[in-house]
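Coordinates in review
Chain by chain, the residues:
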Amino acid sequence: MVAKEDDAMNAVRHVEELPGGIRAIDTRTAGMSKVTAGYLIEAPRPALIECGPALTIEHVVDSLHDVGLDASDLAYLVVSHIHLDHAGGAGDVLEAFPSAKVVVSEIGARHLVDPERLNASSRRVYGELMDSVYGDCTPIAEPRVLGVGDGEQLDLGGGRRLDLLYTPGHAKHHIAALDSDTGALFVGDSVGVKMPGMQTIRPATPPPDFDLVLCHRTLDRYREIAPERVYLAHYGAVDPPLAALDEADERLRAWAETAEAAYQEHSELDHVADTLAKRFTDELDPDSDDPEAKDRLELLSGVTSNAAGFVRYFNLRAEGRVTT
């Protein structure tokens, strides 16, 4: 009994109260704090936005139980996209909450029903991290997967809803969610990352789907919405929201200009990555005493991964195969 109580207290310590009946749940991705957030919207039909990878999903499930959700309570799990740090534990969440449905872009829905290709491609990308950080995504029965398009809504009850937006750029299967009650916009990776120990927002530009033009269009759309709050998956609110969106746009332009100049000199990935690493040494706070700051950043938006996304994008652009 003592062990179970200790486990419960540990889970509660990973839950943060936010304005408007929203709670941030630390998924404890890679065993670190504040890498990936899940956001619980408390409503007659509760919704969880993001769940993190399969290997640490017990932190999320335990936290949901500890804040009072019974197995039949959760209505929706919304995943911004199907990368495993966001959606890898979706099947496990739905097993723990058998009344819930997972909400995902209609473009990515089939990969949650049959995740064999998703798991295989993730294993190629992540290598040994697949077994130490992420884990395989488990199949979800097709009736429990709700593929959505731009402008669709989720009725959470009591007059509260989530407006779902198609927001490509980081990934072609990326969506965002706007909370009608609070004006909070949950943006996944489409704005970038800013975790503890970071001074600025860093863009997240991984292959294979990164599209620079679409990233900027998505940021423009967010600014037109003028949200009251912007919540990153990695990690938490960025304030003030419009200034943060401007910063994200400016940083993305700076990264793209630096990457392209390096690419024009020499298109090898190592050269582009080295150039980016030298140019953007200011993103980590030199005065931070957070021992996990550098590891978080490398895991979620490492320079090599971002460089690989730019190189692939520039190659596809030269072939006329990207958005103009």
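Let me sum up the structure you'll find in this document. (Residues numbered from 1 in each chain as written. Predicted model: local features only at pLDDT ≥ 70, side-chain atom pairs only at ≥ 80, totals over all residues. Heavy atoms only, no water.)

All right, on to the overall build of the protein chain then. Counting secondary structure elements, the protein chain contains 12 helices and 13 strands. Over its C-alpha trace the protein chain gives a radius of gyration of 19 Å, about what one expects of a compact globule, namely 20 Å for 324 residues. Along the first, second and third principal axes, the C-alpha atoms of the protein chain reach 60 × 40 × 40 Å. Within the protein chain, buried positions represent 54% of all 324 residues. Restricting to contacts in the protein chain with at least 6 residues of sequence separation, those with at least 24 account for 69%. Taken as a whole, the protein chain presents about 13,900 Å² of accessible surface, with 48% of it coming from carbon and sulfur. Taken as two groups, the 30 positive and 56 negative side-chain charges of the protein chain have centres that lie 3 Å from each other. (Helix = DSSP H or I, 4+ residues; strand = E, 2+ residues; numbered from the N terminus. Rg over C-alpha atoms; globule rule 2.2 N^0.38 Å. Buried < 20%, exposed > 50% of the residue type's maximum accessible area, 1.4 Å probe, protein only. Contact = heavy atoms within 4.5 Å. Areas by Shrake-Rupley, 256 points an atom, 1.4 Å probe, with all protein chains shown as cover. Lys, Arg positive; Asp, Glu negative; His and termini not counted. Charge placed at Lys NZ, Arg CZ, Asp CG, Glu CD.)

Further remarks concern the nonpolar core. One finds Tyr39, Leu48, Leu77, Val78, Val102, Leu112 and Leu162 to be the most contacted residues of the largest nonpolar core, which totals 64 residues. When near neighbours in sequence (up to four residues on either side) are disregarded, Val78 contacts Leu48, Ile49, Glu50, Val103, Leu154, Leu162, Leu164 and Ile175. Counting 37 residues, the second largest nonpolar core, distinct from the first, contains Val238, Val303, Ala307 and Phe314. (Core = buried A, V, L, I, M, F, W, Y, C linked by side-chain atoms within 4.5 Å.)

A word on the pattern of salt bridges. Pairing between side chains becomes possible if they bear opposite charge and their charged atoms approach one another. Tallied over the full model, the rule gives 21 salt bridges. Of the charged contacts in the structure, one is a salt bridge between Arg23 and Glu42, with a shortest N-O distance of 2.4 Å. Of this pair, Arg23 sits in strand E2 (residues 22–26) while Glu42 sits in the loop between strand E3 (37–41) and strand E4 (47–49); the two residues are 19 residues apart in sequence, bridging distant segments of the chain. Overall, the relative accessible area of 31% leaves Glu42 in the partly exposed class. The shortest N-O distance in the salt bridge between Arg223 and Asp249 comes to 3.5 Å. Of this pair, Arg223 sits in helix H8 (residues 212–225) while Asp249 sits in helix H9 (residues 241–265); the two residues are 26 residues apart in sequence, bridging distant segments of the chain. The class of Arg223 is partly exposed, set by a relative accessible area of 23%. (Salt bridge = Lys/Arg side-chain N within 4 Å of Asp/Glu carboxyl O.)

Contact geometry of H8 with H9 gives a least axis separation of 10 Å together with a crossing angle of 165 degrees. The pairing of H8 with H9 is recorded here as roughly antiparallel in orientation. Crossing geometry of H8 relative to H9 is assigned as left-handed. Judged by residue contacts, Leu212, Cys215, His216, Leu219, Tyr222 and Arg223 of H8 engage Leu242, Leu245, Asp246, Ala248, Asp249, Leu252, Arg253 and Ala256 from H9. (Axes fitted to C-alpha atoms, helices over the stretch in contact; angles between N-to-C directions. Parallel < 35°, antiparallel > 145°, perpendicular 65-115°, else oblique. Left-handed = near helix turned anticlockwise from the far one by under 90°.)

This part takes up the environment of Ser122. With respect to the helices and strands, the residue Ser122 is situated in helix H6 (residues 116–126). Using a relative accessible area of 7% as the deciding quantity, one classes Ser122 as buried. Taking the C-alpha atoms as reference, Ser122 lies 8.2 Å from His83; in sequence the two are 39 residues apart. If near-sequence neighbours (up to four positions away) are discounted, Ser122 is found in contact with Leu84, Gly127 and Met130.

Read these as geometric descriptors, not functional statements.
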